[in-house]
Amino acid sequence: MVMQQYLLTYTGVVFALYLHHIIRAIEVPLDPNIQNELPQPPTITKQSVKDYIVDPRDNIFIDCEAKGNPIPTFSWTRNGKFFNVAKDPKVSMQRRSGTLVIDFRGGGRPEDYEGEYQCSARNEYGTALSSKILLQVSRSPLWPKEHLDLVEIDEGSPLTLKCNPPPGLPPPVVFWMSSSMEPIHQDKRVSQGQNGDLYFSNVMLQDAQTDYSCNARFHFTHTIQQKNPYTLKIQTTRGVMETTPSFMYPYGTSSNQIVLRGVDLLLECIASGVPAPDIMWHKKGGELPTDKTKLENFNKALRITNVSEEDSGEYFCLASNKMGSIRHTISVRVKAAPYWLDEPQNLILAPAEDGRLVCRANGNPKPTIQWLVNGEPIESAPPNPSREVAGDTIVFRDTQIGSSAVYQCNASNEHGYLLANAFVSVLDVPPRILAPRNQLIKVIQYNRTRLDCPFFGSPIPTLRWFKNGQGSALDGENYQRHENGSLEINMARKEDQGIYTCVATNILGKAENQVRLEIKDPTRIVRGPEDLIVKRGSLVRLDCRIKHDSTLKLTVTWLKDDTPLYIGNRMKKEDDGLIIYGVAEKDQGDYTCVASTELDKDSAKAFLTVLAVVSAPTNRMTALPKERPERPRDLELTDLAERSVRLTWIPGDDNNSPITDYVVQFEEDKFQPGLWHNHSRYPGSVNSAVLRLSPYVNYQFRVIAVNEVGSSLPSLPSERYHTIGASPEINPTGVQGAGTQKNNMEITWTPLNATQAYGPNLRYIVKWRQRESRESWSNETVRTTRHVVWNTPIYVPYEIKVQAENDFGRAPEPDVIIGYSGEDLPSVPRYFRIRQPNLETITLEWGHPEHPNGIITGYNLRYQAFNGTKTGRTLVETFSPNQTRFTLQRTDPISRYRFFLRARTQVGDGESIVEESPAPLNEATPTPAYTKNHVDIATQGWFIGLMCAIALLVLILLIVCFIKRSRGGKYPVREKVEVLDHEDHKVDDPSFDYSDEDNKEPPGSHTSLDGTIKQESDDSLVDYGEGGEGQFNEDGSFIGQYTVKKDKEETEGNESSEATSPVNAIYSLA
């Protein structure tokens, strides 16, 4: 057993060493001259995607391009069979390419060309294959015709509206709108599922105010198809009963889901209940991966991006409201289409060399590996004794010329496949040196340097370095050789100077090249400037004595306060120093001497202090007037860089007042030509400055000198300098979103200026989406400073981003701004209560509108007193948006009030809610002054007519009485008197109710004191005359004989009488 283990260990070590030996393959340089000379098997460089969906309205292009030497030829298969391109007049291949072109300009059906295509590129050294390309034509089928019945459902019940869109290719994007194309507002109660259905956790009365239509948008045809709308009829009940949650999707308590590695996992839970439940997500035994987890659709959907095997497990969603909670568990299994662990790479070998191709892939389930050579299964290929297939590896031993081929590795499982091409090219190429010949390398003594000698050959050449033609190769601690052919010298000394030769050798020959190395002395300042304190007006010398290599060009520059010093008339630059004549206060500062050559530089610094001279001014000096300085002149631009430039100028005369400042201005000719802007400001002692610049601006500069008197005239402009472009670094400011109409939102911003644009074709990418909706961003690219979003819900918050972009790229990701869509008229206040605590005041209370549709700016109250049909003048009160209470002082304790209350947004006033004050406590007892419907009786036509009728009746009675008396007839005088008295009392009785037809009471009834209707007694005057107790008048005489019945008997017994009873006359007239 020990011996067997030893043998296995020894074998493993030998195989590892062998792999290490063969892993170093030849790499062909990128030099096109060499690549064009060497033979090369084909390599696929461009191909269409595996699942290729095309627009039926366009011609079809199936890409296939390859490179190789000689140039490859192309052929195609369709559904596994040879596709004869020349046979079909509609099909052709592009020149020097294998790209198929199917032209439908002369007619034809794109569907006839659907199928699986594969391209082959071949030359004399092998055949490369493209992936199998499944060509499908996009389809946007019509929605099936169907009749949708009215959906009747009880308020508070859950509801699912099915969409079932037609199966397009690719699948359509589904969204819900009303038949009038208004978007359906979605929230945690109403939302669209991933399957396109619209779910209502519970139905409310407001859901019947619109219809619901499912829409499908097809990508290629850019068409939208609309399903017949659903119409809801909500059955109302007395109060909606609160219910515990129940899952509408998925069903039951558990479900399973399979997802492929690398795609997005989308889990969904939609629940019903009253009130609408909240959804929370958890993973059993662990935490949700925060870096790639996103909640969508009001937390009803959980998205995990770029799924890996670690995301397998059990997830559960918890739906809860105040009535309870339920849970649904989703078991997630992650499968995987094949993915590369080691993708085979091209292999270039020399004759008799060894090598290998490795094809390792993983997946779930584990993929199978199949090798092909030149497009044919390797099992059926001609035998090759130098080739051995060992699973996912092909080992080549002792390869020979003529063994070149293209190998394909196909890794596949039930979820997909991978196809990779890798060629094996056997080359015999003599050594070649790729570096320029006879290079000259200069280096400062004691510095590190490197001599390069790139080379190529097959077999891989060996490289050696020689110095000054010596026979032995260079070796030692001071030299280091690299695999790419470079020789590094750690410390260059004088004795290292000379001619170096690199020689590359293989079995086919050798090549060499020479490099000359020169060692230079370093540049040193042997005596630099020293700190000095001098008086104003004196002469100053600053030393700068330099030692350098005489074969190198020396450049000496002076800096003042770390900026280049302008050498004016008062200064003189010498070989070993700087002289300043007539030193002034502005000359004080740091002075730096910089000595530089092409290989190195050195510097030295000193500080110059200038003391003022105190002396009494002469009359001549005091007489010199001070004026504004002269303009600067001779502007010069140097040190041109991408984001900076050095501007130097010659100061003008200060006119007896020292220059305190210089103002540099710039002008650009793209956005605001001719307009000068301040760029920067510098002290008066400076006459040169490095200006920071913005990209893509065509600058022109000028300088203004300033002293205590004022500013000089601007200098003449400098030459122009155009900086190169770049992507913007900032985004627009002042981003706002507000509606101008109820169904839109206008997004505005402050644009970038000329120095912020940074490039041509400045534009703005405007993105928006409803806040907290988790929906994808909508976007539009505009060149103006505003964009209007239409078909928005009324007054909802939106997340807004505006990003600047030019031809060089985009600005950083912008901040999110919250805007609102347009406002509308508000709904009526939620409630409106009127209380009357006493006869002097009325208290009004109201609630904010249930649907404000914007920002409530206040409330308008119109009210008027009324008394029956009489109304007072209308009064108006306005209230702030936070005021919901008002107390009215009554001026009339009898009249009632009618109130009209409206809420107000910036759009205008909403619909009124109308209420009336309650009736006063004494209004239940009708009086002549005030009744339930109080009117002025004396002015009513019916009252005047009644009074006239009564007067006419009394006149007739008087006439009858007069006739009776003149003829001596007998009649019951007491009865007449009682009837007349009864009528008079009826007129004078204040409790007698005169009412119009609108307030007529039922026959035989009257209104009681408490306002209720009571029926009259069925007894009549006849009953009082013949039965019951008799009635007596004030003098105690019995009057029962004077009844209607008695009069009738007397009338019947005396028909010859010329005049009837006055009582009968009254009743006949009545």
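Remember, it's a predicted structure, so these values are computed and weren't measured experimentally.

Chemist: Any chance you could explain the overall build of the protein chain here in plain terms?
Modeler: When helices and strands are tallied, the protein chain shows 9 helices and 81 strands. Sorting the 1070 residues of the protein chain into buried and exposed places 41% on the buried side. Residue pairs at least 24 apart in sequence account for 64% of intrachain contacts in the protein chain once pairs closer than 6 positions are excluded. With the model as given, the accessible surface of the protein chain reaches about 59800 Å², and the carbon-plus-sulfur share is 50%.

Chemist: Looking at this structure, how should I read unusual backbone geometry?
Modeler: A negative phi angle is the norm for most residues apart from glycine, just as the trans form is the norm for most peptide bonds. Cis rather than trans, the peptide bond between Val-274 and Pro-275 has omega equal to 0°. Here Pro-275 lies in the loop between strand 23 (270–274) and strand 24 (278–283). The phi torsion at Tyr-696 lies on the positive side, around 55°, for a residue other than glycine. Looking at the secondary structure, you find Tyr-696 in the loop between strand 61 (688–692) and strand 62 (698–706). With relative accessibility at 24%, the residue Tyr-696 sits in the partly exposed group.

Chemist: How should the nonpolar core be read in this particular structure?
Modeler: One recurring pattern in soluble globular proteins: nonpolar side chains tend to sit buried together. One finds Ile-62, Trp-76, Leu-100 and Tyr-117 to be the most contacted residues of the largest nonpolar core, which totals 31 residues. Those residues in contact with Leu-100 that sit more than four places away from it in its chain are Ile-60, Phe-61, Ile-62, Trp-76, Phe-83, Val-85, Val-91, Ser-92, Met-93 and Tyr-117.

Chemist: In this structure, what is going on with the sheet that holds strand 60 (residues 677–683)? I would like to understand it.
Modeler: Paired through their backbone hydrogen bonds, the strands of a sheet run either parallel or antiparallel. The 4 strands are arranged 60-59-62-63 in an open sheet whose pairing can be described as antiparallel. A single partner strand is all that each edge strand has here, and the edge strands are strand 60 and strand 63 (721–722). Sheet topology note: the strand 62/strand 63 ladder contains 2 bridges and is antiparallel. Opposite Tyr-699, over in strand 63, you have Tyr-721 as the bridge partner.

Chemist: Looking at this structure, I do not really get the side chain of Glu-667. What am I missing?
Modeler: Relative to the helices and strands, Glu-667 is located in strand 59 (residues 661–668). Within polar-contact distance, the side chain of Glu-667 engages the side chain of Arg-720 at 2.6 Å. When near neighbours in sequence (up to four residues on either side) are disregarded, Glu-667 contacts Pro-673, Gly-674, Leu-675, Trp-676, Asn-698, Tyr-699, Gln-700 and Arg-720.

Chemist: What exactly am I supposed to notice about the sheet that holds strand 49 (residues 540–543) here?
Modeler: If you walk across this open sheet you meet the 3 strands as 49-54-53, and the pairing is antiparallel. Every other strand in the sheet has two partners, leaving strand 49 and strand 53 (571–574) as the edge strands with one partner each. Across this sheet, the average inter-strand angle for adjacent strands is 15°, counted without regard to direction. Sheet analysis places strand 53 next to strand 54 (residues 577–580), joined by 4 bridges and oriented antiparallel. The residue bridging Met-571 from the neighbouring strand is Ile-580, located in strand 54.

Chemist: What is the right way to read the state of the cysteines from this model?
Modeler: Note: disulfide means a covalent bond formed between the sulfur atoms of two cysteine side chains. Taken as a whole, this structure holds 6 disulfides when the rule is applied. In this model Cys-269 forms its disulfide with Cys-317; the gap between the sulfur atoms is 1.9 Å. Around the S-S axis, the bridge from Cys-269 to Cys-317 shows a dihedral of about -70° and counts as left-handed. With Cys-269 in the loop between strand 22 (265–268) and strand 23 and Cys-317 in strand 27 (residues 313–321), this residue pair connects regions lying 48 residues apart in the sequence. Across the pair, exposure class does not vary: Cys-269 and Cys-317 are buried alike. Ordering the disulfide-forming cysteines of the protein chain by sequence position, one finds them joined as 1-2, 3-4, 5-6, 7-8, 9-10, 11-12.

Chemist: What should I look at first to understand the pattern of salt bridges in this one?
Modeler: When the charged atoms of two side chains with opposite charge come close together, those side chains can pair. Applying the stated criterion across every chain yields a total of 52 salt bridges. Here Arg-769 and Glu-799 are joined by a salt bridge, their closest N and O atoms 2.8 Å apart. Residue Arg-769 is found in strand 66 (residues 763–770), and its partner Glu-799 is found in strand 69 (residues 797–806); the two are separated by 30 residues along the sequence. Classification of Glu-799 as buried rests on a relative accessible area of 15%. Of the charged contacts in the structure, one is a salt bridge between Arg-835 and Glu-845, with a shortest N-O distance of 4.0 Å. Taken as a pair, Arg-835 in strand 72 (residues 832–835) and Glu-845 in strand 73 (residues 841–846) lie far apart in primary sequence, 10 residues in all. Salt bridges linked by common partners bring Arg-527, Arg-541, Asp-543, Lys-572, Glu-574 and Asp-576 together as one network.

Chemist: Just checking my understanding: could you explain the side chain of Glu-155 for this structure?
Modeler: As for its placement among the helices and strands, Glu-155 is situated in the loop between strand 12 (151–154) and strand 13 (159–161). Within the buried core, Glu-155 has no salt-bridge partner, and the shortest N-O distance to an opposite charge, that of Arg-189, equals 8.9 Å. Sequence-distant contacts of Glu-155, that is, excluding residues within four places in its chain, are made with Val-203, Met-204, Leu-205, Ile-234, Gln-235, Thr-236, Thr-237 and Val-240.

Chemist: Is there a simple way to think about the environment of Asn-506 in this case?
Modeler: Assignment of secondary structure puts Asn-506 in strand 45 (residues 498–506). When near neighbours in sequence (up to four residues on either side) are disregarded, Asn-506 contacts Val-429, Pro-430, Pro-431, Gly-457, Ser-458, Pro-459 and Pro-461. One polar contact links the side chain of Asn-506 to the main-chain carbonyl oxygen of Val-429, over a distance of 3.1 Å. A distance of 2.9 Å separates the side chain of Asn-506 from the backbone oxygen of Pro-459, its partner in a polar contact.

Chemist: Looking at this model, I keep getting lost on the packing of aromatic side chains. Mind explaining?
Modeler: Any pair of aromatic rings gets described here by the distance separating the centres and the angle formed by the planes. Here the structure, examined in full by the defined rule, presents 16 aromatic pairs. Relative to Tyr-212, the ring of Phe-200 has its centre 5.4 Å away and its plane inclined at 90°; by these criteria the two rings are edge-to-face. Taken together, the positions of Phe-200 in strand 16 (residues 198–200) and Tyr-212 in the loop between strand 16 and strand 17 (213–218) put the pair 12 residues apart, joining distant regions of the chain. Among the residues examined, Phe-200 registers a relative accessible area of 0% and is labelled buried. The structure contains a cluster of three or more aromatic residues connected by ring pairs, namely Trp-846, Tyr-859, Phe-879 and Phe-886. Here Arg-261 stacks its cationic end above the ring of Tyr-339, 3.6 Å away from the centre of that ring. For Arg-327, the ring lying beneath its charged end belongs to Phe-316, and the centroid distance is 4.0 Å.

Chemist: Explain the confidence of the model for the protein chain to me, please; I cannot follow it from the model alone.
Modeler: Note: predicted coordinates in regions of low pLDDT should not be interpreted at a detailed level. Put simply, the protein chain has an average pLDDT of 83, and 84% of its residues get 70 or more. Confidence drops under a pLDDT of 50 for residues 923–935, and excluding neighbours within four residues, the segment shows 24 contacts in the predicted structure. In this model residues 969–1070 is a low-confidence stretch, pLDDT under 50, and it forms 99 contacts with partners more than four residues away in sequence or in other chains.

Chemist: Explanation requested: a nonpolar patch on the surface in the structure shown.
Modeler: On the surface, Leu-952, Leu-955, Ile-959, Phe-962 and Ile-963 cluster together into a nonpolar patch covering about 490 Å² of accessible area. When you line up the elements, Phe-962 lands in helix 5 (residues 941–967).

Chemist: Teacher, can you tell me more about the environment of Leu-693 here?
Modeler: Considering the arrangement of structural elements, one finds Leu-693 in the loop between strand 61 and strand 62. Sequence separation between Leu-693 and Thr-755 is 62 residues, and the spatial gap between their C-alpha atoms is 8.2 Å. Once you skip the residues sitting within four places of it in the chain, Leu-693 turns out to touch Arg-643, Ser-644, Val-645, His-679, Tyr-699, Phe-701, Tyr-721 and Thr-723.

What counts and how
Residues numbered from 1 in each chain as written. Predicted model: local features only at pLDDT ≥ 70, side-chain atom pairs only at ≥ 80, totals over all residues. Heavy atoms only, no water. Helix = DSSP H or I, 4+ residues; strand = E, 2+ residues; numbered from the N terminus. Buried < 20%, exposed > 50% of the residue type's maximum accessible area, 1.4 Å probe, protein only. Contact = heavy atoms within 4.5 Å. Areas by Shrake-Rupley, 256 points an atom, 1.4 Å probe, with all protein chains shown as cover. Core = buried A, V, L, I, M, F, W, Y, C linked by side-chain atoms within 4.5 Å. Pairing = 2+ DSSP bridges. Polar contact = N/O pair within 3.5 Å; in protein donor to acceptor, adjacent residues only side chain to side chain. Axes fitted to C-alpha atoms, helices over the stretch in contact; angles between N-to-C directions. Disulfide = S-S within 2.5 Å. Salt bridge = Lys/Arg side-chain N within 4 Å of Asp/Glu carboxyl O. Lys, Arg positive; Asp, Glu negative; His and termini not counted. Phe/Tyr/Trp six-rings, centres within 6.5 Å; stacked < 30°, edge-to-face > 60°. Lys NZ or Arg CZ within 6 Å of the ring centre and 35° of its normal. pLDDT = per-residue confidence, 0-100. Patch = residues over 30% accessible without salt bridge, like charges linked within 9 Å, V, L, I, M, F, W, Y side chains within 5 Å.

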